[in-house]
Amino acid sequence: MTWLITGGAGYIGAHVARAMSEAGERVLALDDLSAGVPERLPVGVPLVRGSSLDGDLLKRVLADHAVTGVVHLAARKQVAESVAEPTRYYRENVGGLATLLDAVAEAGVRRLVFSSSAAVYGNPDVDLITEDTPCAPVNPYGETKLTGEWLVRAAGAAHGISTVCLRYFNVAGAAAPELADTGVFNIVPMVFDRLTRGEAPRIFGDDYPTPDGTCVRDYIHVADLAEAHLAAARRLSDLSGDLTVNIGRGEGVSVRELIDVIGEVSGDARPPVVEGRRPGDAPRAVASAARAAEELGWTASRTVREMVESAWRGWQRHHGG
Ligand SMILES: NC(=O)c1ccc[n+]([C@@H]2O[C@H](COP(=O)([O-])OP(=O)(O)OC[C@H]3O[C@@H](n4cnc5c(N)ncnc54)[C@H](O)[C@@H]3O)[C@@H](O)[C@H]2O)c1
């Protein structure tokens, strides 16, 4: 098998490239470097610089490298940006996927793993979100992921491609400091950023119907997530058809609990300030991790504290905290 990892120079893609190559798979990466960093890729993993919107390039890469499976992570991922620029998100996330699927079908590639997101669910009012919980995304980013899943399944059925859609929950941490996420788009780096500036972390709303009043989420270490991709890639060897799987720890952690862990790990436990609720935040979003265990033989093994510790080491490397 030779696996093409699109978005392979990105935060998650580089972790996937590392996990798969360490497990003995042959991998190469394709990335337009709009957000990727080539140095993240392990030694020996070739990088093709180019876009998932470039069909001719994709066909050439699939043929030249005799690619037999694709892990498609290349996408834009910022919710606020997707609200401001929805046509760009549909063009790049959905259009890029359609172009890739045409090239995959033409090249006779029969295996594909697609990066989806818990954003496909929107804000369901359930204790644990299963893969059968109805999907109702609340922003264009989530819509492009749900549309992407539909497209993956339809193209898979039409062209005999076996597919796995992985719905990631809240991802953080780093397998090594140099692989850390450098953006400040989710809660872990946002709290680090506040602490580094000498400011108190912010909690948006503490009057939710949850045990401590703050929102509850399912946080997963990116190294566990990368191993889930390896498990999905291997599952494809005996899968005909499609599979859709939540990737989370299956445990809820409140914003206040997470900030407490960050305070312990960083040594800066200043009390958070409570501000008003943000529009669109669900009180609780926690995965059922049962199908991942059953179908992929995968469960997360790293704790939330290990995740925060690894993220903090990465933050200090990139931001000199
Ligand atoms: N980070 C999260 O918390 C999270 C959660 C759920 C789903 N996801 C999904 O996981 C995937 C990877 O996310 P990430 O956090 O590593 O983001 P990232 O921005 O670090 O990685 C995306 C990579 O894709 C590249 N890219 C973007 N558009 C491209 C295109 N058209 N052609 C080629 N390369 C392109 C970027 O340069 C970047 O290296 C995305 O599909 C994202 O939607 C991420």
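Nothing here was measured: the structure is a model prediction, and the numbers come from that model.

**Observations regarding the site of the ligand**
Now for step 1: Around the ligand lies a shell of 28 residues, among which Gly-7, Gly-10, Ile-12, Gly-36 and Ala-75 are the nearest.
Now for step 2: Those elements giving two or more residues to the shell around the ligand turn out to be helix H1 (11-22), helix H4 (86-107) and strand S5 (111-117).
Now for step 3: Ranked by the residues each element gives to the shell around the ligand, the list is headed by H1, at three residues.
Now for step 4: Of the residues contributing to the shell around the ligand, the split by class is eleven nonpolar, twelve polar and five charged.

**Here we look at unusual backbone geometry**
Now for step 1: Notably, Leu-33 is not glycine yet its phi reads approximately 60 degrees, a positive angle.
Now for step 2: Mapped onto the fold, Leu-33 is located in the loop between strand S2 (26-31) and strand S3 (47-49).
Now for step 3: One non-glycine residue, Ala-66, lies in the positive phi region at around 50 degrees.
Now for step 4: On the secondary structure map, Ala-66 appears in the loop between helix H2 (55-64) and strand S4 (69-72).

**Digging into the UniProt feature "domain: NAD-dependent epimerase/dehydratase" (unreviewed entry) in the protein chain**
Now for step 1: In the numbering used here, UniProt assigns the feature "domain: NAD-dependent epimerase/dehydratase" (unreviewed entry) to residues 3-248.
Now for step 2: Along residues 3-248 the backbone is 38% helical and 20% strand, and the end-to-end C-alpha distance reaches 24 Å.

**Topic: the pairing of strand S11 (residues 242-247)**
Now for step 1: Within S11, five of the six residues are buried, leaving the element largely enclosed by the surrounding structure.
Now for step 2: Sheet analysis places strand S6 (residues 162-168) next to S11, joined by six bridges and oriented parallel. Its bridge partner lying in S11, Tyr-168 is registered against Ile-247.

**Quick notes on the packing of H2 against H4**
Now for step 1: One can describe the packing of H2 onto H4 by two numbers: an axis separation of 9 Å at closest approach and a directional angle of 35 degrees. In the crossing of H2 with H4, the sense of the turn from one axis to the other is right-handed. Between H2, through Gly-55, Leu-58, Lys-59, Leu-62 and Ala-63, and H4, the contact on the second element is made entirely by Thr-99, Leu-100, Asp-102, Ala-103, Val-104, Glu-106 and Ala-107.
Now for step 2: Of the residues belonging to the contact of H2 with H4, the class tally is seven nonpolar, two polar and three charged.

The rules we used
Residues numbered from 1 in each chain as written. Predicted model: local features only at pLDDT ≥ 70, side-chain atom pairs only at ≥ 80, totals over all residues. Near = placed C-beta within 6 Å. Helix = DSSP H or I, 4+ residues; strand = E, 2+ residues; numbered from the N terminus. Nonpolar A, V, L, I, M, F, W, Y, C, P; charged D, E, K, R; others polar. UniProt positions renumbered as here; feature names shortened; annotations may be inferred. Buried ≥ 20, exposed ≤ 12 C-beta atoms within 10 Å, placed from the backbone. Pairing = 2+ DSSP bridges. Axes fitted to C-alpha atoms, helices over the stretch in contact; angles between N-to-C directions. Left-handed = near helix turned anticlockwise from the far one by under 90°. Contact = placed C-beta atoms within 7 Å.

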